[in-house]
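Observations on the model geometry
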Amino acid sequence: MSTIRIRSAAAFWLAVPAGTWMLAAVVVPTLLILWVSFWGGRAFSASSPLTFDNYIRFFSNASYLRLVGSTFLQAATLMAICGTLGYCIAYFLVCKVTNGRWRTALFLAFIIPFWTSTLIRAIAWVPFLGVNGVINQALMGMGLTSRPIEVFLYSMTGVTMAQVSLYTMLAAGPVVYMLASIPPALREAAMTLKAPPVTVFRRIVFPLTLPGVVIGQVLVFLNVMADFATVATIGGNKYALLGNLVLNFYEGSQLRFAAVAAVLLMGCMLAGVVLALRVVDIRKLGAR
Amino acid sequence: MLHWKTRSRLTGWVLGTVMGLFLLYQWLPMLVLGLLSFAGPTGGTTFPMNGVSLHWYRELWDASIMNDFKPPLLRSFMLALACSLTTVVLSVTAAQAVRGQFRGHNLFFYLLLLGIMAPGILVGFGFALMMRMLGIDPSWDTTAYITHVSWTLPFGFLTMLAVFNRFDPRLEEAALTLGASRLTTFRRITLPIVLPGVIGAGLFGFSLSYDEYPRSLFTTGADLTLPLAVMAQLDRQLTPELYAIGTTTTVFSFLAIGVFTFAFWALRRRVQPR
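Residues numbered from 1 in each chain as written. Chains lettered and ligands numbered in written order. Predicted model: local features only at pLDDT ≥ 70, side-chain atom pairs only at ≥ 80, totals over all residues. Heavy atoms only, no water.

Let's shift gears to the overall build of chain A. Looking only at helices and strands, chain A has 13 helices and 0 strands in total. Secondary structure elements of chain A, listed N to C terminal, follow the sequence α-α-α-α-α-α-α-α-α-α-α-α-α. Viewed in the frame of its principal axes, chain A has a C-alpha envelope of about 75 × 70 × 30 Å. Put simply, chain A has 288 residues, and 49% of those count as buried. Restricting to contacts in chain A with at least 6 residues of sequence separation, those with at least 24 account for 67%. (Helix = DSSP H or I, 4+ residues; strand = E, 2+ residues; numbered from the N terminus. Buried < 20%, exposed > 50% of the residue type's maximum accessible area, 1.4 Å probe, protein only. Contact = heavy atoms within 4.5 Å.)

Let's shift gears to the overall build of chain B. Check the secondary structure of chain B and you find 11 helices and 0 strands. When the elements of chain B are put in sequence order from the N terminus, they spell out α-α-α-α-α-α-α-α-α-α-α. For 274 residues, the compact-globule estimate of 2.2 N^0.38 gives 19 Å, and the C-alpha radius of gyration of chain B, at 24 Å, exceeds that figure by more than 25%. Among the 274 residues that make up chain B, the fraction classed as buried is 53%. Sequence-distant contacts, at least 24 apart, represent 73% of the contacts inside chain B between residues at least 6 apart. Of the roughly 13100 Å² of accessible surface on chain B, a fraction of 68% belongs to carbon and sulfur atoms. Taking the average location of the 20 positive side-chain charges in chain B and that of its 13 negative ones, the two points are 18 Å from each other. (Rg over C-alpha atoms; globule rule 2.2 N^0.38 Å. Areas by Shrake-Rupley, 256 points an atom, 1.4 Å probe, with all protein chains shown as cover. Lys, Arg positive; Asp, Glu negative; His and termini not counted. Charge placed at Lys NZ, Arg CZ, Asp CG, Glu CD.)

Further remarks concern the interface of chain B and chain A. Each partner contributes residues to the interface: chain B has 96 residues there, and chain A has 91 residues. Surface buried jointly by chain B and chain A totals about 8300 Å² across both partners, of which 79% is contributed by carbon and sulfur atoms. Considering only the surface of chain B that becomes buried against chain A, Met 19, Tyr 25 and Arg 182 of chain B emerge as the three largest contributors, covering 8% of it. The interface formed by chain B and chain A includes 0 salt bridges. Inspection of the chain B/chain A interface yields 6 residue pairs in polar contact (both at pLDDT 80 or more). Split by residue class, the side of chain B that touches chain A holds 61 nonpolar, 26 polar and 9 charged. (Buried area = accessible area lost by both parts, 1.4 Å probe. Salt bridge = Lys/Arg side-chain N within 4 Å of Asp/Glu carboxyl O. Polar contact = N/O pair within 3.5 Å; in protein donor to acceptor, adjacent residues only side chain to side chain. Nonpolar A, V, L, I, M, F, W, Y, C, P; charged D, E, K, R; others polar.)

A few words now on the UniProt feature "domain: ABC transmembrane type-1" (unreviewed entry) in chain B. The feature "domain: ABC transmembrane type-1" (unreviewed entry), as annotated in UniProt, sits at residues 73–264 of chain B in this numbering. This span, residues 73–264 of chain B, is 82% helix and 0% strand, and a straight line between its end C-alpha atoms measures 26 Å. (UniProt positions renumbered as here; feature names shortened; annotations may be inferred.)

What follows covers the nonpolar core. In this structure, Ile 33 and Phe 58 of chain A together with Phe 108, Phe 125 and Phe 157 of chain B are the most contacted members of the largest nonpolar core, which totals 168 residues. Beyond its immediate sequence surroundings of up to four residues, Phe 157 of chain B is in contact with Ser 91, Ala 94, Ala 95, Val 98, Phe 108, Phe 109 and Leu 112 of chain B. (Core = buried A, V, L, I, M, F, W, Y, C linked by side-chain atoms within 4.5 Å.)

Time to look at the packing of helix H1 (residues 9–36) of chain A against helix H13 (residues 255–279) of chain A. Residue and element names in this part refer to chain A. Packing of H1 against H13 brings their axes to within 8 Å, and their N-to-C directions diverge by 120°. In terms of axis orientation, H1 runs oblique to H13. Between H1 and H13 the crossing geometry is left-handed. For the pair H1 and H13, contact is made by Thr 30, Ile 33, Leu 34 and Val 36 and by Leu 255, Arg 256, Ala 259, Ala 262, Val 263 and Met 266, respectively. For the contact of H1 with H13, the residue count by class is 8 nonpolar, 1 polar and 1 charged. (Axes fitted to C-alpha atoms, helices over the stretch in contact; angles between N-to-C directions. Parallel < 35°, antiparallel > 145°, perpendicular 65-115°, else oblique. Left-handed = near helix turned anticlockwise from the far one by under 90°.)

Here we come to the UniProt feature "transmembrane region" (unreviewed entry) in chain B. All names here are of chain B. Those places that UniProt annotates as "transmembrane region" (unreviewed entry) correspond, in this numbering, to residues 12–39, 76–95, 107–129, 149–168, 189–210 and 242–267. The span residues 107–129 is 91% helix and 0% strand, and its two end C-alpha atoms sit 26 Å from each other. As a span, residues 189–210 carries 100% helix and 0% strand, and end to end its C-alpha atoms are 32 Å apart.

It is worth spelling out unusual backbone geometry at this point. Most of the time, phi is negative for any residue but glycine, and the peptide bond is trans. Residue and element names in this part refer to chain A. Phi is positive for Lys 194, close to 70°, though the residue is something other than glycine. The phi torsion at Ser 253 lies on the positive side, around 60°, for a residue other than glycine. Secondary-structure assignment places Ser 253 in the loop between helix H12 (242–251) and H13.

Turning our eyes to something else, we now look at the UniProt feature "transmembrane region" (unreviewed entry) in chain A. All names here are of chain A. Here, the residues flagged by UniProt with the feature "transmembrane region" (unreviewed entry) are residues 12–38, 72–94, 106–131, 151–179, 200–222 and 257–280. Taken as a whole, residues 72–94 contains 100% helix and 0% strand, while its terminal C-alpha atoms sit 32 Å from one another. End-to-end, the C-alpha atoms of residues 257–280 are 35 Å apart, and along that stretch the chain is 96% helix and 0% strand.

Shown next as structure tokens:
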């Protein structure tokens, strides 16, 4: 017995506002993109004939295909860097910091930037990366180079550097959660049975945190695939990923092509999520 | 071969160094941004700083019409507040509904999760297409509001689900057994206990909407919100004024988090006196 009767009409009606909102704001627009991507003709109207022409024209352009490839490459790079870095940080926070106060302080220092604007944090990298930027001045001050290096600002290196600082938290968070829920007795038992720490980690700790790793990787993947703002801010207009392509087509009023690029983006992301959901059950994570 | 205790300590040091370097990596750009916003009137956007002044903050305050950040700031604040309230109401009702396990509640769960999974650029673009078909002009307080809530609501919903997962239903049962109606029980027992979670949902609603860029980009029309105004200014010209607005809005975010955290903490203390 609780404040709501199981399978009652009241439960159903309580769900209707939120459900309708999500249908109208997420599901219908997404399906609309799919529909528009098949539109032929020139006018923006629902009576347009349906064709595959937009896709054929998109896929016959080699530079667009290269762009899809570099988007995947960027996502894979970030998944590797953020995954490794995030796991190290999560492991250190949960397993190596024994002092409760220190742990809280480090955790806050790690998580607070996440609550501020991603856009501002991306912009904050601009004075760092420029030709007269902090990094170059530090390198020259240490005598490592005599001339400023121009590869940082308006380059994918700079974009990657900024994205690592933006998304490592996404990879670390779920691992922190999974690590913290491992009962200490489990590791103690393994240690008592004379397993060396490496074996404990490999056979006990890592398998138990695997769902967290997978969720973290999915989050990084989704965010990098869809990130066009960081690329635009730091890459200037010289670089583009799939997201930028959607925006460029949209601003150029080429709505059909924007829709095709968006459908591709959607397809890639959906495949990633489905793959991950086969590995872990997200619903069970919140429960005790 | 080193003893395992030594090796374990060594691992700790290595990982600690990684963590320290990463924190530096994460915080240094923001601190530099803050520092450069206090540059003198002739200050550039990189080091070395030319003098120290509040020039760029004054510039921000009495700005021309072209780059006046005050109206966008107000719009973003109002929008975030509206999203926060909507998120609170809808996520509590939605989580309560899932507790009632109506037919199709599994589907409903995934429908809400879709709001987190679907990237802002797709939601924004699709919604803009939909509005164009319906012939509705986009505006920050109508279309942008709808897309923002579709982003903030799932976070609030997951927060409330996690709270209800740990909630002890015997407390409700006790009230119901004593003859209180379901509505009274919800209002007098359930709600006060889950209130810290409700505050958390509100915080998600506020800060996610306040910083939202991709959804706004497609659904905001002529009157810009703050992230859009910042981005537009970045496209025009990079001046320390941009750093000043960046610092201001970051401090503002911290203040908002502080207020919510304090409310959370105060409520926790009231609910669980120890």
